[in-house]
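Fold and geometry: a report
Listed here are the chains, written in short residue letters.
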Amino acid sequence: MEHVKDLEHFKQISEKETAVFMFSADWCPDCRIIEPILPRIEADFPTFNFYYVDRDQFIDLCGELSIFGIPSFLAYANGAEVNRFVSKDRKSQEEIETFLTEAEAKSV
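Before going into details, it helps to say that this report is about the structure given with it. (Residues numbered from 1 in each chain as written. Predicted model: local features only at pLDDT ≥ 70, side-chain atom pairs only at ≥ 80, totals over all residues. Heavy atoms only, no water.)

**Thoughts on the nonpolar core**
Across soluble globular proteins, nonpolar side chains show a tendency to be buried alongside one another. Counting residues in hydrophobic clusters, the biggest one holds 19 residues, and the most contacted among them are V4, F10, F21, F23 and L65. Elements with a minimum of two residues in this core: helix 1 (7-16), strand 2 (19-24), strand 3 (49-54), helix 4 (59-64) and strand 4 (72-77). Top contributing element to this core by residue count: strand 2, with three residues. Counting residues in hydrophobic clusters, the runner-up holds 18 residues, among them I34, Y52, I96 and F99. (Core = buried A, V, L, I, M, F, W, Y, C linked by side-chain atoms within 4.5 Å. Buried < 20%, exposed > 50% of the residue type's maximum accessible area, 1.4 Å probe, protein only. Helix = DSSP H or I, 4+ residues; strand = E, 2+ residues; numbered from the N terminus.)

Following this line, the structure appears as structure tokens:
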């Protein structure tokens, strides 16, 4: 999963790509738990390009987007947010896949 480099990079991706942003942090135990399943999820949802957003590096962006818990996910298509899975709770593989399936349906 590619890391978002800076705010301009985030804006370019969100405006031009069909993308999912995973907001996370190295210190987040719930984020570490889902790490092993992420490559499989990425492979199962080729419609999206997946990006890692470091919550600590992008704290202002998180505030702007109302990301107050991690791990959290935002999906973008056609320059707009199409779905969000944002909470402080641990995410299961099934919940992430449901979020992505809904995002795919909204991104057409």
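Continuing now.
**A look at empty space enclosed by the protein**
Scanning all chains against the criterion turns up one cavity of 30 Å³ or more. What the largest cavity holds in volume is close to 40 Å³. Taken together, M1, M22, L38, I41, E42, F50, F73 and I96 form the lining of the largest cavity. Broken down by element, the residue count for the lining of the largest cavity peaks at three residues, all from helix 3 (residues 38-44). Class assignment of the residues belonging to the lining of the largest cavity gives a composition of seven nonpolar, no polar and one charged. (1 Å grid on protein atoms, 1.4 Å probe; cavity = no way out; pocket = protein on both sides within 12 Å on 5 of 7 lines; lining within 4 Å. Points joined across faces, edges and corners; volume = space filled by probe spheres on them. Nonpolar A, V, L, I, M, F, W, Y, C, P; charged D, E, K, R; others polar.)

**Section: unusual backbone geometry**
A cis geometry characterises the amide bond from I70 onward to P71, with omega recorded as 0°. Topologically, P71 is positioned in the loop between helix 4 and strand 4. Backbone geometry places S66, a non-glycine residue, at a positive phi of 60°. According to the relative accessible area criterion, S66 is partly exposed, its value standing at 38%.

**Focus: the state of the cysteines**
As used here, a disulfide is simply a covalent bond connecting the sulfur atoms of two cysteines. Under the counting rule described, the total for this entry stands at one disulfide. There is a disulfide in this structure between C28 and C31, and the S-S distance comes to 2.4 Å. With the S-S dihedral at roughly 75°, the linkage between C28 and C31 falls on the right-handed side. Since its relative accessible area comes to 3%, C28 is described here as buried. (Disulfide = S-S within 2.5 Å.)

**Looking at the packing of aromatic side chains**
Two numbers describe a pair of aromatic rings. These are the distance of the centres and the angle of the planes. Tallied over the entire structure, the rule returns eight aromatic pairs. Ring centres of F10 and Y76 lie 6.0 Å apart, and the angle between their planes is 85°; on these two criteria the pair is classed as edge-to-face. Taken together, the residues span a long stretch of sequence, with F10 in helix 1 and Y76 in strand 4 at a distance of 66 residues. Here F10 falls in the buried class, since its relative accessible area comes to 4%. Judged by relative accessible area, Y76 falls into the buried class, the value being 8%. The interplanar angle of 45° and the centroid separation of 6.0 Å between the aromatic rings of F73 and F99 together place this pair among those described as tilted. Linking F73 in strand 4 with F99 in helix 5 (residues 93-106), this pair joins segments that are 26 residues apart in sequence. Judged by relative accessible area, F73 falls into the buried class, the value being 2%. (Phe/Tyr/Trp six-rings, centres within 6.5 Å; stacked < 30°, edge-to-face > 60°.)

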